[in-house]
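# Tertiary structure, described
Each chain, letter by letter, is given below.
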Amino acid sequence: MSSTLITIRWILFLLCSVISAHLVNSLPKLEHYEIPIWTWVDGPDIINQTSIIDINGNNQQDREYPGARSGSAVWQDGNGDVWMFGGEGFDRKDVDDNDNVTIETSIDDDSTELLNSLWKFDMTKHIWKIIYHRNHDDDIPTARHYAAVCGVTDKFILIFGGLGYSAAAYSDMWLFDLQSFKWHQLLFTQSSDIFPEARGDTVYWCTRESLWIYGGLGRDRKSVV
């Protein structure tokens, strides 16, 4: 190895050392900033908790909250409130005014199921509220998990795809109208429109005007692009 090459390497090493030292010294001192910590906000601290829904609809005591679940589609609107759709977990228990459980739909304490309920968490009041629970008489999205979600504040929420039972994957799109509080399926024709193949567990991003998706798992849980 030539002496010139060795000299150049030493110069680069010293230059990097000087730059690194400058960057470290220019970093703000940690003691000047508060270190954020996790804080318990709401909900039970037990496993396999089913949803609690006020069957009278007045929810005066703010007793509603979703049961344990995973794979839900979550979106935060412009007001700061959090919306949550579907997932896999535990369904509901209905309570009356005396906190007596009147309906329990979960099969048993260890059985999960796919869900299609819609919940809202009020970031100001720190309370959950059920917005739409499954109703077999209505045209609503099939129960699923790992769907993509987007929306426009105070106008609508948009759901795309997701994974279902028996390795099923969906490519349907649903709109929940925040004025009428009803679901509407958006229909497309293969001959005139371009649309992504069925998928769930996709990487997605919601902007003010668009829902962006990338990749995910398709039918039989095979990767898609």
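The model shown is predicted, which means the values in this text are computed figures rather than measured ones.

Cut-off values and rules
Residues numbered from 1 in each chain as written. Predicted model: local features only at pLDDT ≥ 70, side-chain atom pairs only at ≥ 80, totals over all residues. Heavy atoms only, no water. Helix = DSSP H or I, 4+ residues; strand = E, 2+ residues; numbered from the N terminus. Polar contact = N/O pair within 3.5 Å; in protein donor to acceptor, adjacent residues only side chain to side chain. Buried < 20%, exposed > 50% of the residue type's maximum accessible area, 1.4 Å probe, protein only. Pairing = 2+ DSSP bridges. Phe/Tyr/Trp six-rings, centres within 6.5 Å; stacked < 30°, edge-to-face > 60°. Disulfide = S-S within 2.5 Å. Core = buried A, V, L, I, M, F, W, Y, C linked by side-chain atoms within 4.5 Å. Contact = heavy atoms within 4.5 Å. pLDDT = per-residue confidence, 0-100. Axes fitted to C-alpha atoms, helices over the stretch in contact; angles between N-to-C directions.

## A word on the side chain of S72
Here S72 lies in the loop between strand 2 (69-70) and strand 3 (73-76). From its side chain, S72 meets the backbone oxygen of G86 in a polar contact 2.8 Å long.

## Re the pairing of strand 3
Burial of the side chains of strand 3 is restricted to one face: A73 and W75 are buried, whereas none of V74 and Q76 on the reverse face is. In textbook terms, the turn of a hairpin is the stretch between consecutive antiparallel strands, and for strand 3 and strand 4 (residues 82-89) this stretch comprises five residues, one of which, G80, has a positive phi near 95 degrees.

## Observations concerning the packing of aromatic side chains
Within this structure, the stated rule accounts for six aromatic pairs. With 5.8 Å between their ring centres and 75 degrees between their planes, Y132 and F176 make a pair best called edge-to-face. Pair noted here: Y132 is in strand 8 (residues 127-132) and F176 is in strand 11 (residues 169-177), with a separation of 44 residues, a long-range link. For the residue pair Y132 and F176, the accessibility class agrees, reading buried in each case. A ring pair is formed by F176 and F181, whose centres lie 5.8 Å apart and whose planes are at 70 degrees; its orientation type is edge-to-face. A network of ring pairs unites the aromatic residues F85, Y132, F176, F181 and W183 as a single cluster.

## Quick word on the state of the cysteines
The final tally for this structure, using the stated rule, is one disulfide. Covalent S-S linkage joins C150 and C206, the inter-sulfur distance amounting to 1.9 Å. Its S-S torsion of about 65 degrees marks the bond between C150 and C206 as right-handed, since a negative value means left-handed. Linking C150 in strand 9 (residues 148-152) with C206 in strand 13 (residues 203-206), this pair joins segments that are 56 residues apart in sequence. Classification of C150 as buried rests on a relative accessible area of 6%. Given the relative accessible area of 22%, C206 is considered partly exposed.

## Focus on the nonpolar core
One broad trend across soluble globular proteins is that nonpolar side chains are buried collectively. Ranked by internal contacts, the top residues of the largest apolar core, which has 16 residues, are W83, L118, I157, I159, F176 and W183. Residues contacting W183, with those up to four places away along its chain left out, are F85, L118, Y132, D139, I140, P141, I159, W174, L175 and F176. Listed in part, the seven residues of the second largest apolar core include V82, M84, W128 and I130.

## Examining the confidence of the model for the chain
For the chain, per-residue confidence averages 78 on the pLDDT scale, and 68% of positions sit at 70 or higher. Contacts for the low-pLDDT stretch residues 99-107, under 50 throughout, to residues beyond four places or in other chains number 23 contacts.

## Let's talk about the sheet that holds strand 10 (residues 156-163)
Spatial strand order, 9-10-11-12: four strands in an open sheet with antiparallel pairing. One side of each edge strand has no neighbouring strand; the edge strands of this open sheet are strand 9 and strand 12 (182-186). Geometrically, the sheet is characterised by an average inter-axis angle of 25 degrees between neighbouring strands, direction not taken into account. As defined by bridge partners, strand 10 adjoins strand 11 across seven bridges and the pair is classed as antiparallel. Paired with G162 across the two strands is Y170, which belongs to strand 11.

## Quick word on the environment of V41
Here V41 is to be found in the loop between helix 1 (3-26) and strand 1 (51-54). C-alpha separation for the pair V41 and I127, spaced 86 residues apart in sequence, amounts to 9.3 Å. In this structure, V41 is in contact with F121 and H126, ignoring residues within four places of it in sequence.

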